[in-house]
Amino acid sequence: MSYFYRISKFDVKRSIENLKQLTFEVTGLCNLNCVYCCYGDYYDGFDSNRFNMSFDKAKNIIDYLFYFWKNERICNPDIDFYISFYGGEPLVNFDLIKEIIEYSTSKLEKYRNVKYSMTTNAVLLDKYIDYLVDKDVLLLVSLDGNSDGNGFRVNFEGKSCYDKIYNNITVDDSLENIFAGAAKEFGINEDEFKENHL
């Protein structure tokens, strides 16, 4: 009995036809120096040559999806398709995120209902929140509980970033809609989420 399966061209084509999410690791850079981070000093084997993804790489992937869906006549703007941003800390490379959002919206909106999400440490959120709210970017904020629980998440001076993050995610009423919207997208009761997390 074989546990291996040979992937066919049909399998690849079907996967692309039904693609639900595309994640861009837009940077390997981060504005924090968390003690336990897999990119940190305690882990061997990580390439410490941090990077920023180029727009050309992202554009090539978006163009491929555009031409594939167009040529296969797979046009269904009712199907949600998420473009997600990850890092390092994605907001360190905000200009690329903005370029990807503008370009992908113009290219793909006829073929899918394009939505955006991001995993962020929220330290830079105050700088970019207006744009993120305008584009309905769903946010997943990495935070390790209260101030004590968040003690290993530090900046490059070794200082806790908890207060900065907490202020960034609680100071703006428009964020309530982003976080509640994210909760709803992932099947979490919106009222319960607001009561326990906002």
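An account of the accompanying structure is given in this report. (Residues numbered from 1 in each chain as written. Predicted model: local features only at pLDDT ≥ 70, side-chain atom pairs only at ≥ 80, totals over all residues. Heavy atoms only, no water.)

1. Remarks on the side chain of Lys107
In this structure, Lys107 sits in helix α3 (residues 94–108). In this view, Lys107 contacts Ile62, Asp63, Phe66 and Tyr67; residues no more than four positions away in its chain are not counted. (Helix = DSSP H or I, 4+ residues; strand = E, 2+ residues; numbered from the N terminus. Contact = heavy atoms within 4.5 Å.)

2. Quick word on the packing of α3 against helix α4 (residues 125–134)
For the pair α3 and α4, interaxial distance at closest approach is 12 Å and the crossing angle is 5 degrees. The angle between α3 and α4 falls in the class roughly parallel. Contact residues: Phe94, Lys98, Ile101 and Glu102 in α3; Tyr128, Tyr131 and Leu132 in α4. Of the residues that constitute the contact of α3 with α4, the class distribution is 5 nonpolar, no polar and 2 charged. (Axes fitted to C-alpha atoms, helices over the stretch in contact; angles between N-to-C directions. Parallel < 35°, antiparallel > 145°, perpendicular 65-115°, else oblique. Nonpolar A, V, L, I, M, F, W, Y, C, P; charged D, E, K, R; others polar.)

3. As for the state of the cysteines
Evaluation of the coordinates by the stated rule reveals 0 disulfides. The thiol of Cys34 is not disulfide-bonded; the next cysteine sulfur, from Cys161, is found 5.9 Å away. With a relative accessible area of 5%, Cys161 lands in the buried category. (Disulfide = S-S within 2.5 Å. Buried < 20%, exposed > 50% of the residue type's maximum accessible area, 1.4 Å probe, protein only.)

4. Considering the nonpolar core
Of all hydrophobic cores here, the largest spans 43 residues; its most connected members are Phe24, Phe85 and Leu132. Leaving out residues up to four positions away in the same chain, Phe24 has contacts with Met53, Ala58, Ile61, Ile62, Ile83, Ser84, Phe85, Tyr86 and Ile100. (Core = buried A, V, L, I, M, F, W, Y, C linked by side-chain atoms within 4.5 Å.)

5. Section: a nonpolar patch on the surface
Taken together, the side chains of Tyr5, Ile7 and Val12 make up a nonpolar region of the molecular surface, amounting to roughly 360 Å² of accessible area. Its location among the elements puts Ile7 in the segment before α1 (9–17). (Patch = residues over 30% accessible without salt bridge, like charges linked within 9 Å, V, L, I, M, F, W, Y side chains within 5 Å. Areas by Shrake-Rupley, 256 points an atom, 1.4 Å probe, with all protein chains shown as cover. Salt bridge = Lys/Arg side-chain N within 4 Å of Asp/Glu carboxyl O.)

6. Points about the pattern of salt bridges
Enumeration over the complete set of coordinates arrives at 6 salt bridges. The shortest N-O distance in the salt bridge between Arg14 and Asp11 comes to 3.3 Å. One end of the pair is Arg14 and the other is Asp11, both in helix α1 and 3 residues apart, which spans about a single turn. Its relative accessible area of 40% is what places Arg14 among the partly exposed residues. Notably, a salt bridge pairs Glu102 with Lys135, separated by 3.6 Å at the nearest N-O pair. With a gap of 33 residues between them, Glu102 in helix α3 and Lys135 in the loop between α4 and β4 (138–141) connect regions that are remote in the sequence. Taking relative accessible area as the criterion, Glu102 reaches 38% and is therefore assigned partly exposed. Taken together, the shared-partner salt bridges connect Lys59, Asp63 and Lys107 into one network.

7. Remarks on helix α5 (residues 162–170)
Buried within α5 we find Tyr162, Ile165, Asn168 and Ile169. Along the axis of α5, the buried residues cluster in a sector spanning 135 degrees; they form a single face. (Arc of directions from axis to C-beta.)

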